[in-house]
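Residues per chain are reported as follows:
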Protein chains: 2
Amino acid sequence: MNTPNRDPDIEKLVLELRRGVITLAILGQLSGEQYGYSLIQLLAEKGLQVEQGTIYPLLRRLEDQGLLQSDWRIEDSRPRRYYVISPRGKELLPELKSEWSALVQAMERML
Amino acid sequence: MNTPNRDPDIEKLVLELRRGVITLAILGQLSGEQYGYSLIQLLAEKGLQVEQGTIYPLLRRLEDQGLLQSDWRIEDSRPRRYYVISPRGKELLPELKSEWSALVQAMERML
DNA sequence: CATTATACTGTGTATCACACAGTATTGTCA
DNA sequence: TGACAATACTGTGTGATACACAGTATAATG
């Protein structure tokens, strides 16, 4: 993975760009249930590449912070930990969204 | 400073959102010369609050990385360190911009 | 002449994305 | 059937970095 053949300077900057956004993306997508692996694929589909080593710890962290809920379930075959946004998360999401669009607008004024 | 009376959880998340963007904003604004203090005000005008403790180290770091150039000058009264984008920075900026809009678009699909 | 605004230099800390390593199960297809 | 890829997770370590906090010093303003 890791978008090859690209200037490593750019790579680092882009990584920092993406950084904060990942949490917002996850909260936005977890109105419906997802487990880690499916979430990675979902985000990739929408154009956001995120590593396993990023997603899994992040999901646990967000659950610790009370923004997500999870339960460990054995459907189908493999056991999977399913995550959904929590009430607290639902409460914060719109505010985060509006902060995001404020940021996007500020950037539009600057670029 | 520090946008008062706001949920500290949100504050932390917004901070992470803003994080990577600051570099992009600075590069975008330094087509014209600025010194640290004036840059802070310029960004604030456009809607991006950044602390002194963020800007000054960041400017030095970006110069170390070769994205900015500076010279120390005594105009008017006080001595000031003036920064401009470097050739290298000019080279990377468009690529960073397009990564940014890709990110914005991905977010639009998700929110 | 005291206070505020200007303008900078540090040091320290917490957060966090990702690298890397490891485990185990379930297809798939030759 | 047996190797290999895909699926699905846990865990540790590292590097980057925004901001807090502290300090210095000059200029403008009342």
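Residues numbered from 1 in each chain as written. Chains lettered and ligands numbered in written order. Predicted model: local features only at pLDDT ≥ 70, side-chain atom pairs only at ≥ 80, totals over all residues. Heavy atoms only, no water.

**Student:** So what's going on with the protein's contact with DNA strand C? Residues and values would help.
**Tutor:** Surrounding DNA strand C, one finds 26 residues, the nearest of these being Arg19, Gly53 and Thr54 of chain A together with Gln52 and Arg80 of chain B. Among the atoms of DNA strand C lying within 4 Å of the protein, the sugar-phosphate backbone contributes 75%. Here a phosphate oxygen of DNA strand C and a side-chain polar atom of Thr54 of chain A are 2.5 Å apart. Within the backbone of Gly36 of chain B, one N or O atom sits 3.2 Å away from a phosphate oxygen of DNA strand C. Considering only residue class, the surface near DNA strand C consists of eight nonpolar, eight polar and 10 charged. (Near = heavy atom within 4 Å. Polar contact = N/O pair within 3.5 Å; in protein donor to acceptor, adjacent residues only side chain to side chain. Nonpolar A, V, L, I, M, F, W, Y, C, P; charged D, E, K, R; others polar.)

**Student:** Could you give an account of helix H2 (residues 36-45) of chain B, naming the residues involved and the relevant values?
**Tutor:** Within the sequence span of H2 of chain B, burial applies to Gly36, Ser38, Leu39, Ile40, Leu42 and Leu43 of chain B. In this structure, the buried side of H2 of chain B is in contact with helix H4 (87-110) of chain A together with helix H1 (8-29), strand E1 (34-35), helix H3 (52-64) and strand E3 (79-85) of chain B. Once H2 of chain B finishes, Gly47 of chain B follows within two positions and takes phi at roughly 105°, a positive value. (Buried < 20%, exposed > 50% of the residue type's maximum accessible area, 1.4 Å probe, protein only. Helix = DSSP H or I, 4+ residues; strand = E, 2+ residues; numbered from the N terminus. Contact = heavy atoms within 4.5 Å.)

**Student:** Any chance you could break down the nonpolar core for me, citing the residues and the numbers?
**Tutor:** Of all hydrophobic cores here, the largest spans 68 residues; its most connected members are Ile26, Leu43 and Trp100 of chain A together with Ile26, Leu43 and Trp100 of chain B. Contacts of Ile26 of chain A, omitting those with residues within four sequence positions, involve Leu39, Leu43, Ile55, Leu58, Leu59 and Leu62 of chain A. (Core = buried A, V, L, I, M, F, W, Y, C linked by side-chain atoms within 4.5 Å.)

**Student:** Give me the interface of chain A and chain B: which residues, what numbers.
**Tutor:** Opposite the 38 residues of chain A that make contact, chain B presents 38 residues. In this assembly, chain A packs against chain B so that about 3800 Å² is buried in total across both faces, 70% of it on carbon and sulfur atoms. Here chain A is connected to chain B by three salt bridges. Across the salt bridge formed by Arg19 of chain A and Glu16 of chain B, the nearest N and O atoms sit 3.0 Å from each other. At the level of secondary structure, the elements contributing two or more residues to the side of chain A that touches chain B comprise helix H1 (8-29) and H4 of chain A. Sort the elements by how many residues they give to the side of chain A that touches chain B and H1 of chain A lands first, with 16 residues. Residue classes in the side of chain A that touches chain B are distributed as 19 nonpolar, six polar and 13 charged. (Buried area = accessible area lost by both parts, 1.4 Å probe. Salt bridge = Lys/Arg side-chain N within 4 Å of Asp/Glu carboxyl O.)

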